[in-house]
Amino acid sequence: MIKIIKILLLAWLAVFLQSSVINMVSPWGLMPNFLVIVIALAGLREGVSSGVWAGLLAGFLADCYHPPTMGLFSVGGTITGYLTGMARDRIYREQLLSQAALTAVLTLVYQLFVFFGRDGGTLTSYPGYFIRFGLGSALLTALAAAIILPALERWTFGKR
Amino acid sequence: MLLFNRRIWHRHDIAVLIAALLISAVLALLPSGLKTALGSGVVGTIFAPLEYPASQARSLFSSWKDNQELRQRLAVASLENISLKEAAQENDEFRKLLDLRSRTQWLLRPARVVGREPSARASALIVEPNNPKGVGQDMPAIIDRGLVGKVVSSGPEYSQVATIFDKDSRVSAIVARSRVLGIFRTDRGQRCILDRVPLRSDVRKGDTVLTSGYGQVFPSGLLLGTVEKILIDKRQLTLNIEINPSLDLNRISQIFIITGGVNPPLPSLSPVKTQDSLASRPRRRIAAPPPPEMDIRLPQAPVPVPDESELPGGAGQ
């Protein structure tokens with residue numbers, strides 16, 4: 001139960017940080033995605049179910065900031081959580097490098113929902129977006145994940 | 001046995017996935033009013049308590065940059081101020097001669113920002129007006145640096161403001177120096193561009209872009225940004241002008257909603273007032289020495305009145 005509360009707290013904090021502090025440190029418009037890091041944390045450690053529910057919750061909180069597309073980020077978070085859970089058994093999940101790489105890929109997946117759903121992007125303009133924003137943000141997220149994931153994991157789930 | 005167990009788990013996972021997707025679908029299918037109420041309620045309840053201190057911290061963080069920039073601008077503005085005072089005085093005299101009605105100020109309603117969409121150029125803000133009564137849809141939201149956006153929905157406590165970075169936002173804009181008209185919009189929420197500007201228009205890098213007031217939603221003369229890059233779109237025979245927006249959402253914790261009134265007088269002649277009670281005051285005249293006697297004769301032909309939005313700060317009637 002405490003784990004669930006901690007995940008809820010982290011999802012809430014991630015959305016809040018994403019909407020406030022992270023905007024201040026966005027070099028060239030690139031931002032790490034803390035939502036994805038929290039979803040990855042839940043999915044990698046606890047499996048598909050936890051990943052999906054954490055993704056749904058984080059997505060819903062993000063949706064609340066943009067009511068016209070309510071449900072979009074929930075779907076994005078859900079899919080991201082599901083993919084995390086699926087990847088859990090297929091990667092060396094104990095390795096920090098694997099975790100960071102997975103987080104980068106998940107960021108790209110989540111960004112698809114932002115680009116095509118919220119921003120109304122088209123298929124032809126996606127390569128430009130991918131090079132200009134997508135790749136950089138994914139790498140920043142991976143970097144942030146490599147730094148904070150171990151600490152978050154220890155705080156949420158205790159020592160292995 | 002192991003395979004069986006794995007299958008069961010996979011089924012369980014898929015059931016969880018389907019359940020979560022169904023919940024998302026239900027959220028997506030909610031009526032738009034309910035979506036707005038739900039969004040505003042959640043943001044207002046669980047994020048607002050932290051958002052306000054965070055926005056204050058953001059303002060503090062960015063204020064040292066502002067400080068240097070403002071010092072430079074103050075020097076330039078002081079010089080401009082002197083010439084504007086002269087121009088305003090002349091303008092007053094001409095207005096009297098042409099029997100134009102005098103201008104009043106906007107009715108401004110302060111509102112604090114309690115939430116925003118998590119992106120660098122957020123397309124929506126959740127704001128809490130000082131007095132939500134009287135705040136309605138399509139009312140422009142501004143800050144001292146220019147236009148923020150317009151109110152898209154207002155509730156008993158919170159209102160939602162669609163910023164100029166919203167992908168559906170279109171603002172009729174004008175280049176202050178050359179009076180070239182265009183449409184200010186964002187390119188899929190990423191770049192800000194001035195669209196539909198004819199190829200041979202006189203637009204230069206660094207030109208200031210203001211609202212034109214032609215769209216009937218936003219008043220004229222509100223700052224939108226400066227020209228950053230000019231690209232030629234040969235196929236459409238137009239210029240694609242990239243704008244560096246003046247609006248920096250990281251620096252705002254409070255906005256003003258224009259609930260009524262018309263454009264204010266020249267900024268150099270009126271102290272900044274933000275209270276509704278002061279908004280409808282007639283313009284304060286600066287005591288100036290009586291003008292020298294002038295022999296002004298009205299011509300027979302109608303005099304072309306210059307576009308008033310040329311004046312800094314917007315000076316529509």
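Structure shown above.
Residues numbered from 1 in each chain as written. Chains lettered and ligands numbered in written order. Predicted model: local features only at pLDDT ≥ 70, side-chain atom pairs only at ≥ 80, totals over all residues. Heavy atoms only, no water.

**A few points about the overall build of chain B**
When its secondary structure is counted, chain B shows three helices and twelve strands. Relative to its full complement of 317 residues, chain B shows a buried share of 44%. The contacts of chain B with a sequence gap of at least 6 include a subset with a gap of at least 24, amounting to 61%. Just so you have it, chain B exposes about 17800 Å², and 57% of that area is on carbon and sulfur atoms. (Helix = DSSP H or I, 4+ residues; strand = E, 2+ residues; numbered from the N terminus. Buried < 20%, exposed > 50% of the residue type's maximum accessible area, 1.4 Å probe, protein only. Contact = heavy atoms within 4.5 Å. Areas by Shrake-Rupley, 256 points an atom, 1.4 Å probe, with all protein chains shown as cover.)

**Focus on the nonpolar core**
Counting residues in each nonpolar core, the largest one holds 46 residues, and the members touching the most others are A:L35, A:L41, A:F60, A:Y110 and B:F47. Looking at this core, the elements with two or more residues in it are α1 (2–19), α2 (34–46), α3 (48–64), α4 (72–88), α5 (96–118) and α6 (126–157) of chain A together with α2 (32–98) of chain B. Not counting chain neighbours up to four residues away, the residues in contact with A:Y110 comprise A:N33, A:L35, A:V36, A:A62, A:F73, A:G76, A:G77 and A:T80. (Core = buried A, V, L, I, M, F, W, Y, C linked by side-chain atoms within 4.5 Å.)

**Comments concerning the sheet that holds strand β4 (residues 146–154) of chain B**
The antiparallel closed barrel is built from six strands, whose spatial order is β1-β2-β5-β4-β3-β12 (chain B). Each neighbouring strand pair of the sheet contributes to a mean axis angle of 45°, computed without reference to strand direction. (Pairing = 2+ DSSP bridges. Axes fitted to C-alpha atoms, helices over the stretch in contact; angles between N-to-C directions.)

**With respect to the pairing of strand β3 (residues 140–143) of chain B**
Along any regular strand, the residues point their side chains to alternate faces of the sheet. Residues and elements named next belong to chain B. In β3, alternate side chains face the same way, and those of P140 and I142 on one face and A141 and I143 on the other are all buried. Judged from the four bridges that link them, β3 and β4 form a sheet pairing that is antiparallel. From the neighbouring strand, I142 faces β4, where its bridge partner is L147. What sits between β3 and β4 in their antiparallel hairpin is a turn of two residues. Pairing analysis gives two bridges linking β3 to strand β12 (residues 254–261), with the strands arranged antiparallel. In the sheet register, I142 faces β12, and the bridge partner there is F256.

**Description of the interface of chain A and chain B**
Contacts between the two partners involve 41 residues from chain A and, on the opposite side, 40 residues from chain B. Between chain A and chain B, a total of about 3700 Å² is buried, with carbon and sulfur atoms accounting for 71% of that surface. Our enumeration of links across chain A and chain B arrives at zero salt bridges. Contributing elements (two or more residues each) for the side of chain A that touches chain B: α1, α3, α4, α5 and α6 of chain A. Among the elements that line the side of chain A that touches chain B, the one with the most residues is α3(A), at nine residues. (Buried area = accessible area lost by both parts, 1.4 Å probe. Salt bridge = Lys/Arg side-chain N within 4 Å of Asp/Glu carboxyl O.)

**Some words on the pattern of salt bridges**
Residues and elements named next belong to chain B. Counted under the stated rule, the structure contains nine salt bridges over all chains. As a salt-bridge pair, R177 and D207 come within 2.8 Å of each other at their nearest N and O atoms. Taken together, the positions of R177 in the loop between β6 (171–175) and β7 (181–187) and D207 in the loop between β8 (191–198) and β9 (208–211) put the pair 30 residues apart, joining distant regions of the chain. The exposure class assigned to D207 is buried, which follows from its relative accessible area of 7%. The residue R185 makes a salt bridge to D195 at a minimum N-O spacing of 2.9 Å.

**A closer look at the sheet that holds β8(B)**
The strand order around the closed barrel built from six strands is β6-β7-β8-β11-β10-β9 (chain B), with neighbouring strands paired in antiparallel fashion. For this sheet, the mean angle separating the axes of adjacent strands, direction not counted, is 45°.

**Notes on α6(A)**
Residue and element names in this part refer to chain A. Here α6 contains 32 residues, and its C-alpha end-to-end distance of 38 Å is more than 12% below the 46 Å for a straight helix at 1.5 Å per residue. Along its length, α6 shows its largest kink, about 45°, at I148, and proline P150 lies within four residues downstream of that point. Within two residues after α6, G158 carries a phi angle of roughly 75°, on the positive side. (Expected span 1.5 Å × (residues − 1). Bend = angle between axes of the 7 residues up to and from the residue.)

**Considerations on the packing of α2(A) against α5(A)**
Helices that pack against each other are described as a pair by the angle of their axes relative to one another and the distance between those axes. Residue and element names in this part refer to chain A. The geometry of α2 relative to α5 is characterised by a closest axis approach of 10 Å and an angle of 125° between their N-to-C directions. In terms of their interaxial angle, α2 and α5 are classed as oblique. For the pair α2 and α5, the sense of crossing is right-handed. Contacts from L35, V36, I37, A40 and L44 of α2 reach α5 at Q99, L102, T103, L106, T107 and Y110. Split by residue class, the contact of α2 with α5 holds eight nonpolar, three polar and no charged. (Parallel < 35°, antiparallel > 145°, perpendicular 65-115°, else oblique. Left-handed = near helix turned anticlockwise from the far one by under 90°. Nonpolar A, V, L, I, M, F, W, Y, C, P; charged D, E, K, R; others polar.)

**Considerations on α5(A)**
Taking 1.5 Å of rise per residue, the 23 residues of α5(A) would be expected to cover 33 Å, and the 32 Å separating its terminal C-alpha atoms lies within 8% of that figure. Looking one or two places after α5(A), you find A:G120, whose phi comes out positive at around 65°.

**Some words on the pairing of strand β5 (residues 159–163) of chain B**
Residues and elements named next belong to chain B. Among the five residues that make up β5, five are buried, leaving the element largely enclosed by the rest of the structure. Burial along β5 is two-sided: the face carrying S159, V161 and T163 and the face carrying Q160 and A162 are both buried. In this structure, strand β2 (residues 124–129) lies alongside β5, joined through four bridges in antiparallel fashion. In the sheet register, L125 faces β5, and the bridge partner there is V161. Inspection of the sheet shows β4 paired to β5 by five bridges, in the antiparallel sense. Paired with S154 across the two strands is S159, which belongs to β5.

**A short note on the environment of A:Q95**
By the element assignment, A:Q95 lies in the loop between α4 and α5. In this structure the C-alpha to C-alpha distance between A:Q95 and A:A146, which are 51 residues apart in sequence, comes to 9.9 Å.

**Re the side chain of A:T84**
As for its position among the elements, A:T84 is in helix α4. Beyond its immediate sequence surroundings of up to four residues, A:T84 is in contact with A:I39, A:A40, A:G43, A:L44, A:L102 and A:L106.

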